[in-house]
Each structure stands twice: as C-alpha cells, then as structure tokens.
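Overview (structure and organization)
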Amino acid sequence: VQLVESGGGLVHPGGSLRLSCAASGFTFSTYHMNWYRQAPGKERELVALITTAGGSTNYADSVKGRFTISRDNAKNTAYLQMNSLKPEDTAVYYCNARLGICDYWGQGTQVTVSS
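Report on the accompanying structure. (Residues numbered from 1 in each chain as written. Predicted model: local features only at pLDDT ≥ 70, side-chain atom pairs only at ≥ 80, totals over all residues. Heavy atoms only, no water.)

Quick notes on the packing of aromatic side chains
Test applied: Stacked, tilted and edge-to-face are the three classes assigned to paired rings of Phe, Tyr and Trp, where Trp is represented by its six-membered ring and a pair needs centres within 6.5 Å; plane angles under 30 degrees give stacked, over 60 edge-to-face, the rest tilted. Whether a residue is buried, partly exposed or exposed follows from its accessible area with a 1.4 Å probe, protein chains only, as a fraction of its type maximum: under 20%, in between, or over 50%, in that order. Secondary structure elements follow DSSP: runs of H or I no shorter than four residues count as helices, runs of E no shorter than two count as strands, and numbering proceeds from the N terminus. Criterion for a charge above a ring: Lys NZ or Arg CZ within 6 Å of the ring centre, and within 35 degrees of the ring normal.
Taken as a whole and assessed by the stated rule, the structure comprises four aromatic pairs. For the ring pair Phe26 and Tyr31, a centre distance of 4.7 Å and an interplane angle of 65° mean the geometry is edge-to-face. Judged on exposure class, the residue Phe26 and its partner Tyr31 are both buried. Centroid distance Tyr36 to Trp105: 4.9 Å. Interplanar angle 55°. Geometry classified as tilted. Here Tyr36, found in strand S4 (residues 32-38), pairs with Trp105, found in strand S10 (residues 102-105); they are 69 residues apart in sequence, far enough to count as distant. A network of ring pairs unites the aromatic residues Phe26, Tyr31 and Tyr104 as a single cluster. We note Arg18 situated over the ring of Tyr79; from NZ or CZ to the ring centre the distance is 4.0 Å. Against the face of Phe28 rests Arg71, its NZ or CZ located 4.5 Å from the ring centre.

Structure, rendered in structure tokens:
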C-alpha cells in the first residue's frame, strides 16, 4: 500500500497550489479520501474529505470556499486544489485513505505560504 503526495512548495499569499495523492496497493475507489494538515506545534487537523464516488465532500471551516477536494478513480488519485492561500495554511499536508479499520497515510508534502 502506498500513498504518495506531490505538489507542495512555497507560494505567496493569495497564490494557488494543487496537491496530488497517487494511490497504489489497494482498491482506491472503495476508500474515502481525506486531506489532513499539521502545522508546527499544532495537532493534525482534517482539511477536507471526499466519499468513494466523489458524491459528497466536506471541508474545515478555515478552508471553505478556498480549497476543493476531488478524486479520479480511474487514475487512483486524489487532489486538493488550494486557492487564495494564506500564511496560516502553512503546514505539512497528508493524504489519508480510510475504509473501516483500514487507514493508510502518505508521507506528507510541505506547503509554505509566505511573502
């Protein structure tokens, strides 16, 4: 089982990034997909989630209207489009796949928002 995030980096406030999470080793389409983030000195928090067929999404209040989660089950990939980025969005972003007690994590990708 492997989840590999990509797309992180340094961006100015107001900028955009698109994170990708490539999955392998399990039946991607049957898992709910989540994006979490963890800032220095803070607990890991759920940013966004999407159900198996993408029919339902949910977001943390802090990112609503700015972030969009999506998935392509044909490509075994989940995405997080992040617009209007703020310095407080700076964190390591983790991809998570969950189905019942099965819970898989990626290694994380750093997002830094700074002028």
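After presenting the structure, the write-up continues.
Points about the side chain of Thr109
Which entries qualify depends on this criterion: Pairs of N or O atoms are called polar contacts if they sit within 3.5 Å, as long as, within protein, a hydrogen donor faces a hydrogen acceptor (for residues adjacent in sequence, only side-chain-to-side-chain pairs). Contact between two residues is taken to exist if any of their heavy atoms lie within 4.5 Å; hydrogens are not considered.
The residue Thr109 is located in strand S11 (residues 109-113) in this model. Polar contacts involving the side chain of Thr109 include one to the main-chain amide nitrogen of Gly8, which spans 3.3 Å. Those residues in contact with Thr109 that lie beyond four places of it in its chain are Glu5, Ser6, Gly7, Gly8, Leu19, Ala91, Val92 and Tyr93.

A closer look at the environment of Asn76
Turning to its location among the elements, Asn76 is positioned in the loop between strand S7 (67-72) and strand S8 (77-82). It is 10 Å that separates the C-alpha atoms of Asn76 and Ser20, two residues lying 56 residues apart in sequence. Once you skip the residues sitting within four places of it in the chain, Asn76 turns out to touch Cys21, Ala22, Ala23 and Phe28.

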